[in-house]
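# Residue-level structural notes
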Amino acid sequence: VWAHEISAELMESMKNYDGAIVEWKKAEEVAPRQPGVHYKLGDLYWSLHEWDNATEQFEAEKAIDPGNCQIEWKLGDVLIQKSVQPEAALARVDAALKACPGLVEARADRGKVLLRLHREREAVADLEAAEKVNPAEPSTHFLLAQAYRATGKAEQAQEELKLFSQLEQKQRAETAERAER
């Protein structure tokens, strides 16, 4: 199992995702109850936006490692990404945060789903918490601007949109520079 895991991680690092999937599946065949194997395969599917495959793997991992709060967060995030079952997504994200209160990604996702549920006042606290931990994440500023606007804080919304624009532009420039290299 270890050889397949190492090979899968190496292929992922080289952006050979198809090869990595094959190796994770081989690891899964050799050790279907090995903690982490389903999670890593699910995480790869998640990063490739293959939501149904990711869900299947995360559910399999949850049966092996029910205390892993990352699984609940990722399952909630899949629902958010698919724009389905916002209440179920919120329940999953809340479960992740209950187990791991410092999980910043889950905090940002909670704010996002609360916005979709038109619970903007609640969303503000989660988004502000996520922004404090990761102030360089453009999407958090965009969501925070939406929440501020919906709660009547127009000036703060403008500031957040300005930050979003600056950070987004900086990310694009860095991506272009990496591509050029």
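Described in the following lines is the structure provided in the data block. (Residues numbered from 1 in each chain as written. Predicted model: local features only at pLDDT ≥ 70, side-chain atom pairs only at ≥ 80, totals over all residues. Heavy atoms only, no water.)

### So, the nonpolar core
- Formed by 41 residues in total, the largest nonpolar core has its most connected members in Trp24, Trp46, Phe58, Leu103 and Leu127.
- Per element, the largest residue contribution to this core is seven residues, and it comes from helix 5 (residues 69–82).
- If near-sequence neighbours (up to four positions away) are discounted, Phe58 is found in contact with Tyr39, Gly42, Asp43, Trp46, Ile71, Lys74 and Leu75. (Core = buried A, V, L, I, M, F, W, Y, C linked by side-chain atoms within 4.5 Å. Buried < 20%, exposed > 50% of the residue type's maximum accessible area, 1.4 Å probe, protein only. Helix = DSSP H or I, 4+ residues; strand = E, 2+ residues; numbered from the N terminus. Contact = heavy atoms within 4.5 Å.)

### Some thoughts on the packing of helix 1 (residues 2–13) against helix 2 (residues 17–30)
- Direction vectors running N to C along helix 1 and helix 2 enclose 165 degrees, while the axes themselves pass 8 Å from each other. Relative to helix 2, the element helix 1 lies roughly antiparallel. Crossing of helix 1 over helix 2 shows left-handed handedness. Of the residues in helix 2, those touching helix 1 at His4, Glu5, Ser7, Ala8, Glu9, Met11 and Glu12 are Tyr17, Gly19, Ala20, Glu23, Trp24, Lys26, Ala27 and Val30.
- Here the contact of helix 1 with helix 2 is composed, by residue class, of seven nonpolar, three polar and five charged. (Axes fitted to C-alpha atoms, helices over the stretch in contact; angles between N-to-C directions. Parallel < 35°, antiparallel > 145°, perpendicular 65-115°, else oblique. Left-handed = near helix turned anticlockwise from the far one by under 90°. Nonpolar A, V, L, I, M, F, W, Y, C, P; charged D, E, K, R; others polar.)

### Some thoughts on the packing of aromatic side chains
- Counted under the stated rule, the structure contains three aromatic pairs.
- With 5.5 Å between their ring centres and 45 degrees between their planes, Tyr39 and Phe58 make a pair best called tilted. With Tyr39 in helix 3 (residues 37–47) and Phe58 in helix 4 (residues 51–64), this pair connects stretches of sequence that are 19 residues apart.
- Accessibility expressed as a relative area gives 15% for Tyr39, which makes it buried.
- Sitting above the plane of the Trp46 ring, Lys74 keeps its charged end 3.8 Å from the centroid. (Phe/Tyr/Trp six-rings, centres within 6.5 Å; stacked < 30°, edge-to-face > 60°. Lys NZ or Arg CZ within 6 Å of the ring centre and 35° of its normal.)

### Some points on the pattern of salt bridges
- What the rule picks out here adds up to 14 salt bridges.
- Linking Asp52 and Lys82 is a salt bridge whose minimum nitrogen-to-oxygen distance equals 2.9 Å. With Asp52 in helix 4 and Lys82 in helix 5, this pair connects stretches of sequence that are 30 residues apart.
- Note on Asp52: relative accessible area 54%, which makes it exposed.
- A salt bridge links Arg107 to Asp126, with the shortest nitrogen-to-oxygen separation between them at 2.7 Å. Linking Arg107 in helix 7 (residues 104–116) with Asp126 in helix 8 (residues 120–133), this pair joins segments that are 19 residues apart in sequence.
- Relative accessible area serves as the criterion here: at 22%, Arg107 is assigned to the partly exposed category.
- Because the salt bridges share partners, they merge into one network encompassing Glu59, Lys62, Glu72 and Arg92. (Salt bridge = Lys/Arg side-chain N within 4 Å of Asp/Glu carboxyl O.)

Shape descriptors only; they carry no functional weight alone.
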